[in-house]
Amino acid sequence: MISLQQVTKCYNTSAGPFLAVTDIDLAIGAGEFVAITGKSGSGKSTLLNMLGGIDRPSSGSVTVGGTAIENMHENRLAAWRGRTIGFVFQFFQLLPTLTAAENVMLPMDFSRTLPAAQRRRRALELLDTVGVMDQRDKLPAALSGGQQQRVAIARALANDPPVILADEPTGNLDSQTGAAIFRLFGELASRGKTVVVVTHEHDLAGLIDRSVELVDGAMVSR
Ligand code: ADP
Ligand code: MG
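Given the structure is predicted, the values throughout are model-derived calculations rather than measurements. (Residues numbered from 1 in each chain as written. Chains lettered and ligands numbered in written order. Predicted model: local features only at pLDDT ≥ 70, side-chain atom pairs only at ≥ 80, totals over all residues. Heavy atoms only, no water.)

Draft legend 1. Inspection of unusual backbone geometry at higher detail. Positioned with a positive phi, Gln6 is a non-glycine residue whose angle comes to about 50°. For Gln6, the position within the fold is in strand 1 (residues 2-13). (Helix = DSSP H or I, 4+ residues; strand = E, 2+ residues; numbered from the N terminus.)

Next comes the structure, spelled out in C-alpha cells:
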C-alpha cells in the first residue's frame with residue numbers, strides 16, 4: 001500500500017542544510033498496523049508527513065496505493081490526500097465552533113464524496129463506530145480528551161480512506177484512554193485500513209504488526 005524508496009528530507013536552516021530524514025526504504029502492506037518510534041527530533045513527524053503528502057521529500061519516491069505522489073501538483077495532491085489519507089493528531093485539531101458531527105462532516109464537504117443530504121447520517125454512523133455517538137451535538141470543548149480523539153478518528157474515516165496516519169495520537173491522553181485509542185486503531189487495521197502511528201508508547205505488544213525505529217533520521221531495523 002505504501003512504498004518509500006531512498007526517501008530523504010533536507011531542511012535549509014540558518015546553520016546550513018540539515019538532514020531530518022535520510023535514505024528511508026520502507027514498504028507497508030494493506031491492512032498493516034505499523035508504529036514509528038524514536039526520540040524527539042528523530043524525524044518521525046517528517047517521515048509521517050511525507051507518507052501522507054503533507055510534506056515532500058528532497059529526494060526519493062513515495063508511492064501510496066500505486067500512485068507516486070512526490071511530484072504531484074499541489075492541487076491534485078490536496079484532492080488525493082482528501083480521498084486517500086485520514087490524519088489524526090496529538091491535539092485532535094477539531095474546529096472549536098463546530099459540533100462533533102459537524103467536524104466529522106467537514107472532509108466529506110471538502111471532497112464531496114457523498115451527496116450533501118447523506119453526510120450527517122454517515123457522520124453519525126462513524127461516531128457510533130468509534131463509540132461517541134452520544135456526544136454528536138456537543139462542541140469539542142465539552143468533550144474529554146479521549147472523546148475528542150475518537151471524534152478526530154471518525155473525521156479521519158469520513159471519506160473511507162485506505163490509509164490512516166496518526167502523529168502521537170495518545171500523547172495528550174492518560175495511559176488507559178491511550179490504550180483504548182490504540183485498540184481502536186488496531187480494529188481499523190483488522191478491518192483492512194493501513195494504519196501508521198507515531199508513538200512513544202512501548203507497551204504495544206500484540207497490537208502492532210511491526211515497529212520502525214528512527215535514530216537521527218535513519219531507520220534502524222529490528
Ligand atoms: P520528531 O517528530 O521525531 O520529534 P521531526 O520530524 O519533527 O521529529 O523533526 C526532525 C528534525 O528536523 C528535528 O531536528 C527538527 O528540528 C527538524 N525540523 C523539522 N521541521 C523543520 C523545518 N521546517 N525546518 C528546519 N528543521 C526542521
Ligand atoms: Mg513529531
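Still more to cover.
Draft legend 2. Spatial organisation of the sheet that holds strand 1. On the basis of which strands lie adjacent, the open sheet formed by 4 strands has the order 2-1-4-5 and antiparallel pairing. Edge strands, defined here as strands with exactly one partner in the open sheet, are strand 2 (16-28) and strand 5 (67-68). Against the sheet, helix 1 (residues 44-51) engages strand 1, strand 2 and strand 4 (59-64), with an angle of about 125° to strand 1. (Pairing = 2+ DSSP bridges. Contact = heavy atoms within 4.5 Å. Axes fitted to C-alpha atoms, helices over the stretch in contact; angles between N-to-C directions.)

Draft legend 3. Spotlight on the sheet that holds strand 9 (residues 210-215). Strand order in the open sheet formed by 6 strands is 6-7-8-3-9-10, and the pairing between neighbours is mixed. Both outer strands of the open sheet, strand 6 (85-88) and strand 10 (218-220), are each paired with one neighbouring strand and no more. Across the sheet, the mean angle from the axis of one strand to that of its neighbour is 25°, orientation sign disregarded. Examined bridge by bridge, strand 6 and strand 7 (residues 163-167) share 4 bridges and lie parallel to one another. The residue of strand 7 that forms the bridge with Ile85 is Val163. The sheet contacts of helix 1 involve strand 3 (33-37), strand 6, strand 7, strand 8 (194-198) and strand 9, and relative to strand 7 the element is tilted by about 160°.

Draft legend 4. Structural detail: the nonpolar core. Membership of the largest hydrophobic core comes to 36 residues, with the highest contact counts inside it found for Val104, Leu127, Val151, Ile153, Phe185 and Val195. Within the residue set of this core, elements represented by two or more residues are strand 3, helix 3 (100-111), helix 4 (116-129), helix 5 (145-156), strand 7, helix 6 (175-190) and strand 8. Looking at which element gives the most residues to this core, the answer is helix 6, with 6 residues. Every residue in contact with Val104, bar those within four places of it in the chain, is listed here: Ala123, Leu126, Leu127, Val151, Ala154, Arg155 and Ala158. Of all hydrophobic cores here, the second largest spans 27 residues; its members include Leu26, Val34, Val163 and Val196. (Core = buried A, V, L, I, M, F, W, Y, C linked by side-chain atoms within 4.5 Å. Buried < 20%, exposed > 50% of the residue type's maximum accessible area, 1.4 Å probe, protein only.)

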